Amino acid sequence: MPVSFDSRSDPLIWIRFTGSVSEAEFDAYLETTKAYITRGTPTLFVYDALLADAPTATQRQKQAAWLEQHDAAMRRNSKGTAFVIGNPLVRGALTAIFWIRPTPTPYIVTGT
């Protein structure tokens, strides 16, 4: 599965991306993430994208719009996010998303 969620260490939620993600899979990822961020409890996210392909332009735009739409819930409930992205092109795509819409919570981006 290109996107998987692991909540066994809740409130730490691991989100893993592998390969290319279809538009339907990306939309499902956004909905699942929304469920975590709007549940009203503190949450930490780790995005493991070591094996991910770069998101499409449409997916980058959707992510930026999602960040804008859920800004208040992120500020209330997200205690931080780590992005583990091995591919420099994928790290660049994340930078582009944050240029469009900065994330409202503490974060770190690392290659390992």
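The structure contained in this document is the topic of the report that follows. Predicted model, so just to flag it, every value in this text is computed and none were measured. (Residues numbered from 1 in each chain as written. Predicted model: local features only at pLDDT ≥ 70, side-chain atom pairs only at ≥ 80, totals over all residues. Heavy atoms only, no water.)

**Considerations on the pairing of strand β3 (residues 43–52)**
The element β3 is extensively covered by neighbouring structure, given that seven of its ten residues are classed as buried. Both strand β2 (residues 12–19) and β3 contribute to a ladder of seven bridges, which runs parallel. If you follow Arg16 over to β3, its bridge partner there is Asp48. As paired strands, β3 and strand β4 (residues 78–84) are joined by six bridges and run parallel to one another. (Buried < 20%, exposed > 50% of the residue type's maximum accessible area, 1.4 Å probe, protein only. Helix = DSSP H or I, 4+ residues; strand = E, 2+ residues; numbered from the N terminus. Pairing = 2+ DSSP bridges.)

**Some thoughts on helix α4 (residues 88–100)**
Each turn of an α-helix holds 3.6 residues, which means side chains three or four residues apart point in the same direction. The terminal C-alpha atoms of α4 lie 19 Å apart, and with 13 residues this matches the ideal 18 Å at 1.5 Å per residue to within 8%. Of all the residues in α4, the buried ones are Val90, Ala93, Leu94, Ile97 and Phe98. The buried residues of α4 occupy one face: seen down the axis, they fall within an arc of 140°. Turned more than 90 degrees from where α4 packs its buried face, Pro88, Leu89 and Trp99 sit exposed. The secondary structure elements touched by the buried residues of α4 are β3, α2 (57–69), β4 and β5 (107–110). The backbone nitrogen of Leu89 has a side-chain oxygen 2.6 Å away, supplied by the residue at the start of α4, namely Asn87. (Expected span 1.5 Å × (residues − 1). Arc of directions from axis to C-beta. Contact = heavy atoms within 4.5 Å. Polar contact = N/O pair within 3.5 Å; in protein donor to acceptor, adjacent residues only side chain to side chain.)

**Remarks on the environment of Arg16**
Relative to the elements of secondary structure, Arg16 occurs in strand β2. For Arg16, a relative accessible area of 30% gives the class partly exposed. The residues contacting Arg16, other than those within four sequence positions of it, are Pro2, Val3, Ser4, Asp6 and Asp48.

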